[in-house]
Amino acid sequence: MENLYDWKQEVIKLCDELSEQLELSRHTIHIMVNLSKDAVSEDESSESSRRMVNLEALKGQDDNQYKVTSYSICLYEPDYPEVKDENGNSKKNTSICRIAYNVMKSKTTISFFIKEKTAENIQNDPFMDLARKTVNGFREYKMDEALLHTNIPKVLQFLKEVILYEIANYVPRAQTFGCCGKFRECSDAGRCLHANKLYACACQYKKNLLSGKVFYGQTKTA
């Protein structure tokens with residue numbers, strides 16, 4: 001698995017770049033490592049969050065040692081107001097892409113599992129000929145290691161489009177609310193200025209701003 005690490009680092013870099021571009025808090029988009037039940041103690045195995053750890057925590061470690069089964073690109077919606085919390089809490093992570101690989105004697109294959117609805121909305125899918133539907137509502141893209149490494153830019157662009165689609169269509173865990181205390185500043189800016197962008201997806205006024213309807217301030221349109 002060692003030779004795949006640079007590739008995983010490229011995905012981490014992509015997640016960080018998108019977080020900065022979209023003004024998301026650090027680790028909002030991140031990679032979690034899915035561990036087998038054998039990788040944790042019997043007492044811990046009942047807690048699903050114990051089987052998911054941030055990839056950075058295993059940096060430089062052997063995947064076999066930790067019995068890694070797959071990786072997940074996740075969206076993490078922190079509490080608001082913000083409280084001290086562990087990023088590895090699986091209940092607050094929404095998996096948007098699972099990445100699994102199978103090591104065989106002859107070759108290594110890598111599979112990307114994307115929600116079927118998401119895959120249908122990716123424009124100019126570069127890997128359509130590799131895709132197959134699964135029985136649980138996902139689309140699997142399977143390629144061997146050589147194909148992956150010769151198509152890294154295309155893979156990263158594909159994952160970028162998946163992430164952007166999932167964020168644009170994100171359903172927040174927070175309850176719907178009318179607006180926050182920044183409604184005037186948001187009105188003048190013409191966009192949401194809330195610090196917690198995923199939480200703010202529950203804001204009804206944000207939807208109005210996105211559609212060009214400004215109810216307050218100097219740029220009032222409605």
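The structure under discussion appears in the preceding block.
Computed from a predicted structure; not experimentally measured. (Residues numbered from 1 in each chain as written. Predicted model: local features only at pLDDT ≥ 70, side-chain atom pairs only at ≥ 80, totals over all residues. Heavy atoms only, no water.)

**Some details on the overall build of the protein chain**
What counts, and what does not: Only DSSP runs of H or I with at least four residues qualify as helices, and only runs of E with at least two residues qualify as strands; both kinds are numbered from the N terminus onward. Relative accessibility thresholds used throughout: buried, under 20% of the residue-type maximum; exposed, over 50%; partly exposed, between the two (1.4 Å probe, protein chains only). Whether two residues are in contact is decided by their heavy atoms: any pair within 4.5 Å suffices.
When helices and strands are counted, the protein chain shows seven helices and seven strands. Ordered by position from the N terminus, the helices and strands of the protein chain form the series α-β-β-α-β-β-β-α-β-β-α-α-α-α. Counting over 222 residues, the protein chain shows a buried share of 45%. Excluding contacts between residues fewer than 6 apart, the proportion of contacts in the protein chain whose partners are at least 24 apart in sequence is 61%.

**A closer look at the pattern of salt bridges**
Oppositely charged side chains can pair when the atoms bearing their charge come close. Inclusion rule: Only one rule defines a salt bridge in this text: a Lys or Arg side-chain nitrogen within 4 Å of an Asp or Glu carboxyl oxygen.
Under the definition given, this model contains six salt bridges. A salt bridge links Arg191 to Glu23; the nearest nitrogen and oxygen atoms lie 3.1 Å apart. With a gap of 168 residues between them, Arg191 in the loop between α6 (183-189) and α7 (204-210) and Glu23 in the loop between α1 (5-21) and β1 (29-35) connect regions that are remote in the sequence. Judged by its relative accessible area of 44%, Glu23 falls in the partly exposed class. A salt bridge links Arg139 to Glu116, with the nearest nitrogen and oxygen atoms 2.5 Å apart. On the criterion of sequence distance, the pair formed by Arg139 in strand β7 (residues 138-144) and Glu116 in helix α3 (residues 116-120) is long-range, its members being 23 residues apart. In terms of burial, Arg139 and Glu116 fall into one category: buried. Beyond isolated ion pairs, a larger network of salt bridges with shared partners links Glu23, Arg191 and Lys197.

**Some remarks on the state of the cysteines**
In a disulfide, the sulfur atoms of two cysteines are covalently bonded to one another. This is how the line gets drawn: The rule for a disulfide is simple: a pair of cysteine sulfur atoms within 2.5 Å.
In the structure shown here, the tally under the stated rule is zero disulfides. Left unpaired, Cys179 is separated from the closest cysteine sulfur, that of Cys203, by 6.3 Å.

**Observations regarding a negative patch on the surface**
The line we're drawing: Two joining distances apply to patches: 9 Å for like charges and 5 Å for nonpolar side chains (Val, Leu, Ile, Met, Phe, Trp, Tyr), and every residue must have over 30% relative accessible area and no salt bridge. Method for areas: the Shrake-Rupley scheme with a 1.4 Å probe, in which residue coverage is limited to the protein chains shown. Charge counting treats Lys and Arg as positive and Asp and Glu as negative, with His and both chain ends excluded. Charge coordinates come from a single atom per side chain, which is NZ of Lys, CZ of Arg, CG of Asp or CD of Glu.
A cluster of acidic residues, Glu10, Asp16, Glu17 and Glu20, forms a negative patch on the protein surface. Relative to the helices and strands, Asp16 is located in helix α1. A relative accessible area of 33% places Asp16 in the partly exposed class.

**Notes on the layout of surface pockets**
Put simply, the rule reads: Think of a 1 Å grid over the protein atoms and nothing else: a 1.4 Å probe that fits but is trapped marks a cavity, an open set flanked by protein within 12 Å on at least five of seven lines marks a pocket, and residues with an atom within 4 Å of a point count as lining. Grid points are joined across faces, edges and corners, and a volume is the space filled by probe spheres set on the points. Any residue that is not Ala, Val, Leu, Ile, Met, Phe, Trp, Tyr, Cys, Pro, Asp, Glu, Lys or Arg is counted as polar, Gly included; the first ten are nonpolar and the last four charged.
Considered as a void within the structure, the largest pocket measures approximately 500 Å³ in volume. Forming the boundary of the largest pocket are 19 residues, of which Ile167, Lys197, Cys201, Lys206 and Leu210 lie nearest the centre. Breaking the lining of the largest pocket down by element, the ones donating at least two residues are α5 (152-168) and α7. Residue composition of the lining of the largest pocket, grouped by class: 13 nonpolar, one polar and five charged.

**Side note on α5**
To be explicit about the condition: Expected helix span is taken as 1.5 Å per residue step, with the number of steps being one fewer than the number of residues.
Taking 1.5 Å per residue, 17 residues should reach 24 Å; α5 reaches 24 Å between its end C-alpha atoms and fits that length. Three or more residues of α5 are buried, namely Ile152, Val155, Leu156, Phe158, Leu159, Val162, Ile163, Tyr165, Glu166 and Ile167.

**Some thoughts on the packing of aromatic side chains**
Applied cut-off: Here a pair means two rings of Phe, Tyr or Trp (six-membered ring of Trp) with centres within 6.5 Å. Their orientation is stacked below 30 degrees between planes, edge-to-face above 60, and tilted elsewhere.
Overall, the coordinates contain eight aromatic pairs when judged by the stated rule. Between Phe127 and Phe158, the aromatic rings sit 6.0 Å apart at their centres with planes inclined by 90 degrees, giving edge-to-face as the arrangement. With Phe127 in the loop between α3 and β6 (131-133) and Phe158 in helix α5, this residue pair connects regions lying 31 residues apart in the sequence. For Phe127, a relative accessible area of 5% gives the class buried.

**Details of the pairing of strand β3 (residues 68-76)**
Defined as follows: At least two DSSP bridges between two strands are required for those strands to pair.
Most of β3 is tucked away: eight of the nine residues are buried. Pairing analysis gives seven bridges linking β1 to β3, with the strands arranged antiparallel. The residue bridging Leu35 from the neighbouring strand is Val68, located in β3. Here β3 pairs with strand β4 (residues 93-103) via six bridges, running antiparallel. For Tyr71, the partnering residue across the bridge sits in β4 and is Ile99.

**A short note on the side chain of Ser187**
Here is the rule we go by: We call two N or O atoms a polar contact when they sit within 3.5 Å, provided that within protein one can donate a hydrogen and the other can accept it, with sequence-adjacent residues counted only if both atoms are side-chain atoms.
When you line up the elements, Ser187 lands in helix α6. By relative accessible area, which is 0% here, Ser187 ends up buried. Reaching out from Ser187, the side chain makes a polar contact with the side chain of Tyr205 at a distance of 2.6 Å. Excluding residues within four positions of it along the chain, Ser187 makes contact with Tyr205, Leu209, Val214, Tyr216 and Thr219.

By themselves, these observations are geometric and do not establish any function.
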